[in-house]
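Residue-level listing of the chains:
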Amino acid sequence: MASPDRSEADRTNDIRRKPAEMLAFIGVREGWTALDVSAAGGYTTELIARAVGPKGRVYGQTPKPDPRQRLAARTKTVANIVPLVRPFESPAPPEMASNAFDLVTLMFNYHDFGHMGVDRAALNRNVFASLKPGGLYVIADHSGRPGTGISESGTLHRIEEAFLRKEVEAAGFQLVAEGGFLRNPNDPRDRETPEPAQPKDEFVLKFRKP
């Protein structure tokens, strides 16, 4: 995090995302091979890539080519990032579809798969297959109210934590830890941006492939 070649945009994002707490919660180790699903601009991809070090590698998955080439730009300073264009339902490259990854991350986008029509069961099954035994699947998202499931994915951009957990466990994963460092119990969770203005209540769940 203290690397002088990190961008100012990423440092600003650090205030909200709490990367030190996130990396500690995940327990990233040097030399790991990781997959960041729905990498978007690559904020998390780069953090994980720096944490696994030059002997590790991180694939940043996006469903279509990014015209802004944001992940490609990050490879100029962090060489162990591999931009990857794959469908969400099958995010790992074919040669790494089975027992290949130590870690898969999915940050704040699982809820979007509801209104996007992504086959989440297929995604979770394929993530499970791509992980080594004992590999980790870490998901963070914006918390929805009990009983809402994924119904507010396209409006409030939230998902019910228990609903997400049930879907992921159905693929064979075991929940091993819950991170509370992005929690805000005062968020009423009844709109996209809380009122009065305050951080959103967000959960972080760590699953393991047995």
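As a reminder, the structure under discussion sits directly above these lines.
Counting starts from 1 at the beginning of each chain's written sequence and moves along it residue by residue. Local features in a predicted model are, by the rule used here, given only for residues with pLDDT of at least 70; side-chain atom pairs are given and counted only at 80 or more, and totals for whole chains, interfaces and linings are based on all residues. Derived side-chain values reflect all non-hydrogen atoms in the structure, with water molecules and hydrogen atoms excluded from consideration.

1. Describing the overall build of the protein
The condition that has to hold: Strands here mean DSSP runs of E at least two residues long; helices mean DSSP runs of H or I at least four residues long; both are numbered from the N terminus. Our radius of gyration is a C-alpha quantity, and the globule rule it is checked against amounts to 2.2 Å times the number of residues to the power 0.38. Using a 1.4 Å probe on the protein chains alone, a residue whose accessible area is under 20% of its type maximum counts as buried, one over 50% counts as exposed, and one in between counts as partly exposed.
Along the protein, the regular secondary structure elements total seven helices and seven strands. The helix and strand sequence of the protein, counted from the amino end, reads α-α-β-α-β-α-β-β-α-α-β-α-β-β. The C-alpha radius of gyration computed for the protein amounts to 16 Å, which stays within 12% of the reference 17 Å derived for 210 residues, consistent with globular compactness. Considering only C-alpha atoms, the protein reaches an extent of 45 × 40 × 35 Å along its principal axes. Looking at the protein residue by residue over its 210 residues, the buried ones come to 51%.

2. Focus: the pattern of salt bridges
Put simply, the rule reads: The salt bridge criterion pairs a side-chain nitrogen of Lys or Arg with a carboxyl oxygen of Asp or Glu, the two atoms within 4 Å.
With the rule as written, the count across this model stands at 16 salt bridges. Across the pair Glu-8 and Arg-11 runs a salt bridge whose closest N-O atoms are separated by 4.0 Å. Here Glu-8 pairs with Arg-11, and both are found in helix H1 (residues 8–17), just three residues apart, close to one helical turn. Note that Arg-183 is salt-bridged to Glu-161, the shortest N-O span being 2.2 Å. Of this pair, Arg-183 sits in the loop between strand E6 (174–179) and strand E7 (202–208) while Glu-161 sits in helix H7 (residues 161–169); the two residues are 22 residues apart in sequence, bridging distant segments of the chain. It is possible to trace a salt-bridge network through shared partners that takes in Asp-5, Asp-10, Glu-46, Arg-50 and Arg-74.

3. Regarding the pairing of strand E2 (residues 57–62)
Here is the rule: Here, strands pair whenever DSSP counts at least two bridges between them. Crossover handedness is defined here as right-handed if the route from the first strand over the helix to the second strand goes clockwise, with the strands pointing away from the viewer.
Burial runs high along E2: five of the six residues are buried. Relative to E2, strand E1 (residues 33–37) runs parallel, the two sharing four bridges. By the bridge assignment, Asp-36 is partnered in E2 with Gly-60. After leaving E1, the chain enters helix H3 (residues 43–52) and then returns to the sheet as E2, a path that is right-handed. Taken together, the five bridges between E2 and strand E3 (residues 81–85) define a ladder with parallel strand orientation. Bridge pairing in E3 links Thr-62 to Val-85.

4. Comments concerning the pairing of E1
If a strand is regular, its side chains alternate between the two faces of the sheet. Most of E1 is tucked away: five of the five residues are buried. Residues Thr-33, Leu-35 and Val-37 of E1 are buried on one face, and the alternating residues Ala-34 and Asp-36, pointing to the opposite face, are buried as well. Bridge count between E1 and strand E4 (residues 101–107): four bridges; the pairing is parallel. Following the sheet pairing, Asp-36 is matched in E4 by Thr-105.

5. Thoughts on the sheet that holds E7
To keep things clear, this is the line we draw: To get an axis, a line is fitted to the C-alpha atoms, and for a helix only the part in contact is used. The angle between two axes follows their N-to-C directions and goes from 0 to 180 degrees. What makes two residues a contact is simply this: any of their non-hydrogen atoms within 4.5 Å.
Strand order in this open sheet of seven strands is E3-E2-E1-E4-E5-E7-E6, and the pairing throughout is mixed. Of all strands in the sheet, those bounded by a partner on one side alone are E3 and E6. Strand-to-strand twist across the sheet, computed as the mean angle between neighbouring axes with direction ignored, equals 20 degrees. By the bridge criterion, six bridges tie E4 to strand E5 (residues 131–142) in an arrangement that is parallel. Following the sheet pairing, Thr-105 is matched in E5 by Val-138. Of the strands in this sheet, E4, E5, E6 and E7 are in contact with helix H2 (residues 19–26), which crosses E7 at around 25 degrees. The strands touched by helix H6 (residues 120–130) are E1, E4 and E5; relative to E5, the strand with the most contacts, the crossing angle is about 140 degrees.

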